[in-house]
Amino acid sequence: MNEDSIQQTSVCADGKGAAHAQGVSNTPAITYKAIETSIDYFKVRLDFTYESRVDAHVEAVDEILKRFYLTRDMEVKQPKGFSNYANAYKFDEDFVICSGGELTKANGVETMLIEMKGDACDRFLRRASFAETGSEECAPELAVKAWSNVFQYLLTLPHKVTRFDIPVDSVGDLIPLEELKEKCRNKVFTTRCKRKKEEKEILEGEDEDSKTKQIIDGLGWSYVLGTRESARQLTIYDKKAESEAHGFVVNVATWIRFETRYYGEMANLMFDQLAEAYKTLDALKVQQFIVGCLSTIICFREHRLSGNNSNKAPIWGPWKELIDMGMEPQKVKLAKTVLTIKQNAVWLKGSTDRTSTRMHAVYIEDGADVDRYLLADGIAKLDKEDLAVVNAGRRDIGRPEYETVQEMQAALFQKYGLDKIPSDDVLAIFDEKIAVNVVPIKEEKQEGGKE
């Protein structure tokens, strides 16, 4: 899965090798019970800047990047900073560093912020696994080692962790979704979260304005306990529905995510415990820590009791099974779904075929030039971020990686006979006639492997 496909530790109730099948959508759902744990979001502030020329700071930045299997050469500077920072840089896909600026000083010192969303966490473990084994299928023990390597170094630096998310996934027939919804609606649980936020039902076919909500809350259903201001939050949602909405094939009956999130001072305090669990280099101990965090926040009950007796109600059977399973040794690593080339083609067909055809109909006499412009312009816009995505895809199918953006562009131009790119004013005269004005590709000098 894009944001969480290979970083999980997991345990399967029957001990058999079951999987979220990769393939066609009519593949029968596999019946089994399993849990998976992971880190799905990580944000840390450091009391120096990415641009600092102080030797100790330069060394620290380089060492941090090294432990994430990145280098400064991979940076893509963004047009503007994020989160009130003056500057922002992207590495690989969604690994982001924000740096500098008056509004983000801490104790009078300019700072930098590292933010890793789900995709960035996933890509990190893919890079770690590929560097260690030549394969991007990251085993649980290697995932623990890679994160521990980062955490132990961060602990030596002036830092403050401001958020991290540690989900527990119920996969297969462990937690029945409809029963869980009823438990949430009727509040048949005990929780340490102070504030409850009602569930959201998000249905297919809603208008475009709902797309953001679908991504955030999970297409289908979600339930949130607590807020950012309350320092800890639990988000429960239908991960299968969300994944399928993004074009993934998920061949299990149910996939529910229980995502524990820590913010602010609570995140910084809990980070010490998280780092300690990872320091053991024991995938089971990490799994037990993450499941333990979940169990301290919420406990689903068989039924409600009045007054202050809610804690005396018996624990809901499926919930007890999930927590107990989290304490057991790992028996199998579950393969996660991936977005295949075929699925990309299906998305492309569904999202762009009519629009492209309309343009061809308008410029039917110059149809070939429409294709030429779109392809050539797309190739010219490729950057280091695209290079990272393309190389990840090429590794998946056993093909050699491109060393530079220029090498990738040259290969594409040669393949499709496009040795020139349209000039910048093509669009200005597009309505009059598809332009064929071209300029040569600008060759960029490379020094020391940089682009």
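Trainee: Teacher, can you tell me more about the overall build of the chain here?
Mentor: Check the secondary structure of the chain and you find 13 helices and 16 strands. Out of the 451 residues in the chain, the part that is buried amounts to 48%. Here the contacts in the chain between residues at least 6 apart in sequence split such that 69% fall between residues at least 24 apart. Carbon and sulfur atoms form 51% of the exposed surface of the chain, whose accessible area is close to 22,600 Å².

Trainee: Please explain the nonpolar core as it appears in this structure.
Mentor: Nonpolar side chains tend to gather and get buried jointly when the protein is soluble and globular. Ranked by internal contacts, the top residues of the largest apolar core, which has 78 residues, are Trp147, Phe258 and Trp319. Among the elements that line this core, the one with the most residues is helix 3 (residues 140–154), at nine residues.

Trainee: What am I meant to see in the pattern of salt bridges here?
Mentor: When the charged atoms of two side chains lie near each other, side chains of opposite charge can form a pair. Inspection of the entire model under this criterion finds 23 salt bridges. In this structure, Arg126 engages Asp122 in a salt bridge whose closest nitrogen and oxygen atoms are separated by 3.2 Å. Taken together, the residues span about one helical turn, with Arg126 and Asp122 both in helix 2 (residues 118–133) at a distance of four residues. For Arg126, the salt bridge is made with Glu136, and the minimal N-O distance between the two is 2.9 Å. You can see Arg126 sitting in helix 2 and its partner Glu136 sitting in the loop between helix 2 and helix 3, a full ten residues away along the chain.

Trainee: Help me out: how do you make sense of the packing of helix 2 against helix 3 in this one?
Mentor: Angle between the axes and distance between the axes: these two values describe a pair of packed helices. Contact geometry for helix 2 and helix 3: axes closest at 10 Å, N-to-C directions at 105°. Accordingly, the angle class assigned to the pair helix 2 and helix 3 is roughly perpendicular. Contact residues: helix 2 offers Cys121, Phe124, Leu125, Ala128, Ser129, Glu132 and Thr133, while helix 3 offers Leu142, Ala143, Lys145, Ala146, Trp147 and Val150. Residues of the contact of helix 2 with helix 3, tallied by class, amount to nine nonpolar, two polar and two charged.

Trainee: For this particular structure, what's the right way to read the side chain of Thr104?
Mentor: By the element assignment, Thr104 lies in the loop between strand 6 (95–99) and strand 7 (112–116). Among the polar contacts listed, one links the side chain of Thr104 to the backbone oxygen of Gly100, at a separation of 3.3 Å. Discounting chain neighbours no more than four positions away, the residues touching Thr104 are Ser83, Asn84, Tyr85, Val109 and Thr111.

Trainee: Just checking my understanding: could you explain the environment of Tyr262 for this structure?
Mentor: With respect to the element layout, Tyr262 can be found in strand 13 (residues 255–263). Between the C-alpha atoms of Tyr262 and Thr162, which are 100 residues apart in sequence, the distance is 7.9 Å. Not counting the four nearest positions on each side in its chain, Tyr262 is found in contact with Thr162, Arg163, Phe164, Ile166, Ala231, Arg232, Ala267, Met270, Cys293 and Ile297.

Trainee: Would you explain helix 12 (residues 384–396) in this entry?
Mentor: Along an α-helix, a turn takes 3.6 residues, which lines up residues three or four apart on a common side. Here helix 12 spans 18 Å end to end across 13 residues, near enough to the 18 Å set by a 1.5 Å rise per residue. Within helix 12, the full set of buried residues consists of Leu387, Ala388, Asn391, Ala392, Arg394 and Arg395. Angularly, the buried residues of helix 12 cover 165° about the axis, an arc narrow enough to put them on a single face. In this structure, the buried residues of helix 12 make contact with helix 2 and helix 13 (405–415). Of the residues trailing helix 12, Gly398 is marked for its positive phi of about 75°.

Trainee: Would you explain the packing of aromatic side chains in this entry?
Mentor: Describing an aromatic ring pair means giving the distance of the ring centres and the angle of the ring planes. Applying the stated criterion across every chain yields a total of 18 aromatic pairs. Look at Phe258 and Trp319: their rings are 5.2 Å apart centre to centre, the planes differ by 65°, and that puts the pair in the edge-to-face class. With a gap of 61 residues between them, Phe258 in strand 13 and Trp319 in helix 9 (residues 317–326) connect regions that are remote in the sequence. With respect to burial, Phe258 and Trp319 carry one shared label: buried. Plain terms: the ring middles of Phe300 and Trp316 are 6.1 Å apart, the flat faces sit at 65° to each other, and that makes the pair edge-to-face. Pair noted here: Phe300 is in strand 14 (residues 298–300) and Trp316 is in the loop between strand 14 and helix 9, with a separation of 16 residues, a long-range link. Neither Phe300 nor Trp316 differs from the other in exposure class; each is buried. Linked through ring pairs, Phe42, Tyr50, Phe68, Tyr89, Phe91, Phe95, Phe124, Trp147, Phe151, Phe271 and Tyr278 together constitute an aromatic cluster. The lysine or arginine in question, Arg72, covers the ring of Tyr50, its NZ or CZ lying 4.8 Å from the ring centre. Cation over ring: Arg163 sits above Tyr41, and NZ or CZ is 3.8 Å from the ring centre.

Trainee: It is not clear to me how the environment of Asn391 should be interpreted in this structure. Could you clarify?
Mentor: Tracing the sequence through the fold places Asn391 in helix 12. Here the alpha-carbon distance between Asn391 and Glu401, two residues ten residues apart in the chain, equals 5.2 Å. When neighbours within four sequence positions are excluded, Asn391 is seen to be in contact with Glu401 and Tyr402. From its side chain, Asn391 meets the backbone nitrogen of Tyr402 in a polar contact 2.9 Å long.

Trainee: Please clarify how the confidence of the model for the chain should be interpreted in this entry.
Mentor: Caution applies to low-pLDDT parts of the model: their predicted coordinates are not meant to be read in detail. Residues at a pLDDT of 70 or more form 71% of the chain, whose mean pLDDT is 77. pLDDT under 50 marks residues 202–218. Its contacts with residues more than four places away, or in other chains, come to 21 contacts. Low pLDDT (under 50) marks residues 332–342, which in the prediction has 45 contacts with non-local residues, meaning those over four places away or in another chain.

Trainee: For this particular structure, what's the right way to read the pairing of strand 12 (residues 232–238)?
Mentor: Along any regular strand, the residues point their side chains to alternate faces of the sheet. Strand 12 sits mainly inside the fold: seven of its seven residues count as buried. On strand 12, burial covers both faces: Arg232, Leu234, Ile236 and Asp238 on one face and Gln233, Thr235 and Tyr237 on the other are all buried. Where strand 11 (residues 220–225) meets strand 12, four bridges bridge the pair, whose relative direction is antiparallel. Within the sheet, the bridge partner assigned to Tyr223 lies in strand 12 and is Ile236. Hairpin remark: strand 11 followed by strand 12, antiparallel, with six residues in the connecting loop; positive phi at Gly226, about 85°.

Calculation rules
Residues numbered from 1 in each chain as written. Predicted model: local features only at pLDDT ≥ 70, side-chain atom pairs only at ≥ 80, totals over all residues. Heavy atoms only, no water. Helix = DSSP H or I, 4+ residues; strand = E, 2+ residues; numbered from the N terminus. Buried < 20%, exposed > 50% of the residue type's maximum accessible area, 1.4 Å probe, protein only. Contact = heavy atoms within 4.5 Å. Areas by Shrake-Rupley, 256 points an atom, 1.4 Å probe, with all protein chains shown as cover. Core = buried A, V, L, I, M, F, W, Y, C linked by side-chain atoms within 4.5 Å. Salt bridge = Lys/Arg side-chain N within 4 Å of Asp/Glu carboxyl O. Axes fitted to C-alpha atoms, helices over the stretch in contact; angles between N-to-C directions. Parallel < 35°, antiparallel > 145°, perpendicular 65-115°, else oblique. Nonpolar A, V, L, I, M, F, W, Y, C, P; charged D, E, K, R; others polar. Polar contact = N/O pair within 3.5 Å; in protein donor to acceptor, adjacent residues only side chain to side chain. Expected span 1.5 Å × (residues − 1). Arc of directions from axis to C-beta. Phe/Tyr/Trp six-rings, centres within 6.5 Å; stacked < 30°, edge-to-face > 60°. Lys NZ or Arg CZ within 6 Å of the ring centre and 35° of its normal. pLDDT = per-residue confidence, 0-100. Pairing = 2+ DSSP bridges.

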